[in-house]
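Per-entry structural report
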Amino acid sequence: MNAPLPAAALDRAARQREIVAALAPVVPAHALLWQPEDTVPYECDGLTAYRQQPLVVVLPETEGQVAAVLKACHALMVPVVARGAGTGLSGGALPHALGVTLSLAKFNKILKVDATSRTATVQCGVRNLAISEAAAPHGLYYAPDPSSQIACTIGGNVAENSGGVHCLKYGLTLHNVLRVRGFTVEGEAVEFGSLALDTPGLDLLPVVVGSEGMLAVTTEVTVKLVPKPQLARCIMASFDDIRKAGEAVAAVIAAGIIPAGLEMMDKPMTAAVEDFVHAGYDLDAEAILLCESDGTPEEVAEEIGRMLDVLAGAGATRMEVSKDEAQRLKFWSGRKNAFPASGRISPDYMCMDSTIPRKRLADILLAIAEMERKYQLRCANVFHAGDGNLHPLILFDANDPDQLHRCELFGADILETSVRLGGTVTGEHGVGVEKLNSMCVQFTPGEREQMFALKAAFDPAGLLNPGKVIPTLQRCAEYGRMHVSKGLLPFPQLERF
């Protein structure tokens, strides 16, 4: 005889039946998943250390179905977590245990490419790289290029305000999006921005971009396209000291040069990447910089010459300029494959994401080296050096609870050290669930209350992606007590630059 189910399981099963009954009339049967074997693929995003199987997954195919799903969930007070390709790295698409995961994977059509206005209008599930592929016949492309661009979707890019290796010159998602269309939690159509140079009323586009699915569900985006440069060349510069490499980054910017890309990798990362893609990296260097120039041949020649002079003056031990397009792409293939290369040398990794002033690059890298000894875990570093956006990859084994715990402490230490150095706890990967505690460190209770007030203006019931991004006062109080118990500074006394 089977043992009776506990009350919590009965409540979950009853809630599931209620939700399925409400959604069955508004979406096709094949678009509604609730059996465990069907919903398990949605239990996490790219941050695989945290998992939660969703109660129900729905895959709408039209905007009308999205609106109907949201209305039904709102009537039942059911939490909704919107999901794109699941490539996010901060747990932003982690399901709610008693909620609906709204997968927008079927919204994958490119609606219009307008070469005259240099814009493209696409559904939210279109892959980042697919936009550039569609625009290529017109000599145009979409500039933001996250390393996951072959898989990540534009809707997810909007949610996280994603960047990429060329964001220094061309900007983040926010700087390349004109209009976002979507739906409120009540299922009401809403539009932010416009195709015009300005927007009537309050400009809420910058509020929605980077809001991590907490304010509205995006279904359609109009992006800017830019002309493909006539020529691009990349310098690979080696340094025998991390501090010299960090100072070289600051020197390039101080010289008035804005490279198309300016990336740094430390020695452990270059070793992992070179073994994976054979990009031609200098394995003897303590750090390498990739510095790219694009434009007309004359502009590129002049800028490459200036950068070579600056890098030599900063102490570069070796410099190589790409001879042709194939070699340039080879240089960048190493940088773009940093994450899969790390996956080959470690069972798991946690990719952190913080931003610091460029002048403190060497300081944070030396601090991370000390943390490796403190937490007894390896860390490989790769980041957008030009704008100070770090991506340390902490290597660990998630099957070992102690290693996972040390990894979490290591990551929090990196984020809080970034704040002490005058930076922020995130750059382009978002807060999600990963950085909730670190948000307590950076922002005061009053600042966090203002964030909650903004969310309440869009979502009074708190149903869209609840429990993410903004930590509660209680959570911060508990984390603060733990912080002090370790002999660390209480939050108000953290150095603020």
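These numbers were taken from a predicted model, which means no experiment stands behind them.

**Topic: the overall build of the protein**
Summing up its helical and strand segments, the protein has 17 helices and 19 strands in all. Judged by the C-alpha coordinates and their principal axes, the protein covers about 70 × 60 × 45 Å. Contacts in the protein between residues at least 24 apart in sequence constitute 72% of all its contacts with a sequence separation of at least 6. When the accessible surface of the protein is summed, it comes to about 20,600 Å², and 56% of that surface belongs to carbon and sulfur atoms. Charge centroids of the protein, computed over 44 positive and 58 negative side chains, lie 1 Å from each other.

**Re unusual backbone geometry**
Although it is not a glycine, Asn 161 adopts a positive phi angle of roughly 55°. Relative to the helices and strands, Asn 161 resides in the loop between α5 (154–160) and α6 (167–170). Exposure remark for Asn 161: the relative accessible area of 14% places this residue in the buried category. Positive phi, close to 50°, is recorded for Asn 465, a residue that is not glycine. Structurally, Asn 465 can be placed in the loop between α16 (445–458) and α17 (473–485). For Asn 465, a relative accessible area of 2% translates into the label buried.

**As for the nonpolar core**
Within the largest apolar cluster, 76 residues are counted, with the highest numbers of intra-cluster contacts made by Ile 131, Val 223, Phe 239, Met 264, Leu 289, Leu 311 and Phe 410. If near-sequence neighbours (up to four positions away) are discounted, Phe 410 is found in contact with Ile 368, Met 371, Glu 372, Tyr 375, Leu 377, Cys 379 and Ile 394.

**Quick look at the sheet that holds strand β2 (residues 56–58)**
Taken together, four strands build an open sheet; the order of strands is β1-β2-β4-β3 and the sheet is mixed. Strands with a single pairing partner mark the edges of an open sheet, and in this sheet they are β1 (32–33) and β3 (80–83). Relative to β2, β1 is paired through two bridges, and the arrangement is antiparallel. Bridging from a neighbouring strand, Leu 33 pairs with Val 57 of β2.

**A short note on the state of the cysteines**
Within this structure, the stated rule accounts for one disulfide. Cys 152 provides the cysteine sulfur closest to Cys 124, a residue in no disulfide bond, and the two sulfurs are 13 Å apart. The thiol of Cys 167 is unpaired, and the distance to the nearest cysteine sulfur, on Cys 152, comes to 13 Å.

**Thoughts on the packing of aromatic side chains**
The full count for this structure, using the stated rule, is four aromatic pairs. Where Phe 339 meets Tyr 349, the ring centres are 6.0 Å apart and the plane angle is 45°; that geometry is what we call tilted. With Phe 339 in helix α12 (residues 338–345) and Tyr 349 in strand β16 (residues 348–351), this residue pair connects regions lying 10 residues apart in the sequence. Taking relative accessible area as the criterion, Tyr 349 reaches 26% and is therefore assigned partly exposed. Ring centres of Tyr 375 and Phe 410 lie 5.3 Å apart, and the angle between their planes is 20°; this geometry places the pair in the stacked category. Of the two residues, Tyr 375 sits in helix α13 (residues 361–375) while Phe 410 sits in helix α14 (residues 401–420), which places them 35 residues apart along the sequence. Here Tyr 375 matches Phe 410 in class, with each residue buried.

**Examining the sheet that holds strand β5 (residues 110–114)**
Pairing is antiparallel across the open sheet formed by five strands, whose spatial order is β5-β6-β10-β8-β9. In this open sheet, the two edge strands, each paired with only one partner strand, are β5 and β9 (189–193). Pairs of neighbouring strands in the sheet enclose a mean axial angle of 10°, with direction left out of account. Across six bridges, the pairing between strand β8 (residues 177–183) and strand β10 (residues 217–224) is antiparallel.

**Quick look at the side chain of Arg 406**
Structurally, Arg 406 is set in helix α14. You can call Arg 406 buried: its relative accessible area is 19%. A distance of 2.9 Å separates the side chain of Arg 406 from the backbone oxygen of Tyr 375, its partner in a polar contact. Ignoring sequence-local partners within four residues, the contact set of Arg 406 consists of Tyr 375, Gln 376 and Leu 377.

**Notes on the pattern of salt bridges**
When the charged atoms of two side chains with opposite charge come close together, those side chains can pair. Within the structure shown, the criterion is met by 28 salt bridges. Arg 406 is the partner of Asp 402 in a salt bridge, and the nearest nitrogen-oxygen pair spans 2.9 Å. Taken together, the residues Asp 402 and Arg 406, both in helix α14 and four residues apart, mark about one turn of the helix. Exposure remark for Asp 402: the relative accessible area of 41% places this residue in the partly exposed category. Each of the salt bridges in this network shares a partner with another, and the network as a whole consists of Asp 282, Arg 318, Glu 320 and Lys 323.

**Some words on α12**
Listed in full, the buried residues belonging to α12 are Ala 338, Phe 339, Ala 341 and Ser 342. Buried residues of α12, seen end-on, are gathered within an arc of 160° and therefore sit on one face of the element. Elements in contact with the buried residues of α12: α9 (267–277), α11 (325–336), β16, β18 (378–384) and β19 (389–396).

**Topic: the pairing of β18**
The buried fraction of β18 amounts to six of the seven residues, a majority that puts the element mostly inside the structure. The pairing of strand β13 (residues 261–266) with β18 spans two bridges and is antiparallel. Note on β18: the bridge partner recorded for Met 264 is Phe 383. Between β18 and β19, which pair antiparallel in sequence order, lie four residues; one of them, Gly 388, sits at a positive phi of approximately 70°.

So, how was this worked out
Residues numbered from 1 in each chain as written. Predicted model: local features only at pLDDT ≥ 70, side-chain atom pairs only at ≥ 80, totals over all residues. Heavy atoms only, no water. Helix = DSSP H or I, 4+ residues; strand = E, 2+ residues; numbered from the N terminus. Contact = heavy atoms within 4.5 Å. Areas by Shrake-Rupley, 256 points an atom, 1.4 Å probe, with all protein chains shown as cover. Lys, Arg positive; Asp, Glu negative; His and termini not counted. Charge placed at Lys NZ, Arg CZ, Asp CG, Glu CD. Buried < 20%, exposed > 50% of the residue type's maximum accessible area, 1.4 Å probe, protein only. Core = buried A, V, L, I, M, F, W, Y, C linked by side-chain atoms within 4.5 Å. Pairing = 2+ DSSP bridges. Disulfide = S-S within 2.5 Å. Phe/Tyr/Trp six-rings, centres within 6.5 Å; stacked < 30°, edge-to-face > 60°. Axes fitted to C-alpha atoms, helices over the stretch in contact; angles between N-to-C directions. Polar contact = N/O pair within 3.5 Å; in protein donor to acceptor, adjacent residues only side chain to side chain. Salt bridge = Lys/Arg side-chain N within 4 Å of Asp/Glu carboxyl O. Arc of directions from axis to C-beta.

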